[in-house]
Amino acid sequence: MPQRVYLVIMDETQEARLALRFAARRAARTGGAVHILALVPQQDFSLFGGVQATIEEEARDRAEVLATSAAGGLTSESGLVPVILVQQGDGPQIVRDYLADHPEVSALVLGAAADGAPGPLVAHFATSHAGQLPCPLMIVPGSMRDEDIDRLS
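Because the structure is predicted, anything quoted here is derived from the model rather than measured. Note on numbering: residues in each chain are counted from 1, in written sequence order. With pLDDT at 70 or above as the cut-off, local features in this predicted model cover only qualifying residues; side-chain atom pairs require 80 or more to be listed or tallied, and sums for whole chains, interfaces and linings still use all residues. Heavy atoms from the whole structure form the basis of all side-chain values; hydrogens and water molecules are not counted.

**Thoughts on the pattern of salt bridges**
Working step 1: Counted as salt bridges are all cases of a side-chain nitrogen of Lys or Arg within 4 Å of a carboxyl oxygen of Asp or Glu. A full pass over the atoms with the stated rule returns seven salt bridges.
Working step 2: R25 is the salt-bridge partner of D150, the closest N and O atoms lying 3.0 Å from each other. Within this pair, whereas D150 is found in helix α5 (residues 146-152), its partner R25 is found in helix α1 (residues 14-30), the two being separated by 125 residues in sequence.
Working step 3: Across the salt bridge formed by D148 and R151, the nearest N and O atoms sit 3.7 Å from each other. Of this pair, D148 and R151 both sit in helix α5, three residues apart, which is roughly one turn of that helix.
Working step 4: Connected via shared salt-bridge partners are R17, R21, R25, D146 and D150. What counts as a helix is a DSSP run of H or I of at least four residues, what counts as a strand is a run of E of at least two, and both are numbered from the N terminus.

**With respect to the nonpolar core**
Working step 1: Core analysis: the largest hydrophobic core is formed by 22 residues, its most contacted members being V8, V34, V109 and V140.
Working step 2: Every element with two or more residues in this core is listed here: β1 (5-10), α1, β2 (33-41) and β4 (105-112).
Working step 3: What is meant by a nonpolar core is a set of buried Ala, Val, Leu, Ile, Met, Phe, Trp, Tyr and Cys residues, joined one to another through side-chain atoms within 4.5 Å. Only protein chains enter the area calculation, which uses a 1.4 Å probe; residues under 20% of their type maximum are buried, those over 50% are exposed, and those in between are partly exposed. Listed in part, the 17 residues of the second largest apolar core include V5, L7, V105 and L110.

**Overview of helix α3 (residues 91-101)**
Working step 1: Within the sequence span of α3, burial applies to G91, P92, I94, V95, Y98 and L99. With its buried residues spanning 160° around the axis, α3 presents them on a single face. Every exposed residue of α3 that faces more than 90 degrees away from the buried side is listed here: A100 and D101.
Working step 2: Between two residues, a contact is recorded if the distance between any of their heavy atoms is within 4.5 Å. Structurally, α3 contributes buried residues whose contacts are with β1, β2, β3 (83-89), β4 and α4 (120-126). For this quantity, the arc is that covered by the directions from the helix axis to the C-beta atoms.

**Quick word on the environment of R96**
Working step 1: If you trace the backbone, R96 turns up in helix α3.
Working step 2: For the pair R96 and L133, spaced 37 residues apart in sequence, the C-alpha separation works out to 7.7 Å.
Working step 3: Once you skip the residues sitting within four places of it in the chain, R96 turns out to touch H124, F125 and H129.
Working step 4: Counted as a polar contact is a pair of N or O atoms within 3.5 Å, where, for protein atoms, one must be capable of donating a hydrogen and the other of accepting one, and residues adjacent in sequence contribute only when both atoms are in side chains. There is a polar contact of 2.7 Å between the side chain of R96 and the side chain of H124.

Scope: geometric values only; no functional claims are made or implied.
Put into structure tokens, the structure is as follows:
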């Protein structure tokens, strides 16, 4: 049986942390793996070349630190060593491209915000684009506690 791979989109939000916890626990229980994709938004403005490059490099560095930190926590808690990738650009397109390039991904795991709108990726993939995904979409509610995730995963 092929290994189950759970793809988590990592950012600085609590809901991303919950999605990672859920994916890690599912992967540990099913003998699977976790892929972490950290997104760096494309800058919509143009400054002097050096300033623009510095801003983009700092954003990428923050995303790499975030993903590496999340991976370290995942490894220490579950023993899993995730695959990490940091990409810059349009978030939904990067996720679609990643899924197209990695057919081994069994599920896209996203966290929804506890209050207000669910978040741009959840809104994008859970609406008109859900039927176009090559794998199931799992949405972890942002209001869940760690104990709830542990019980359900």
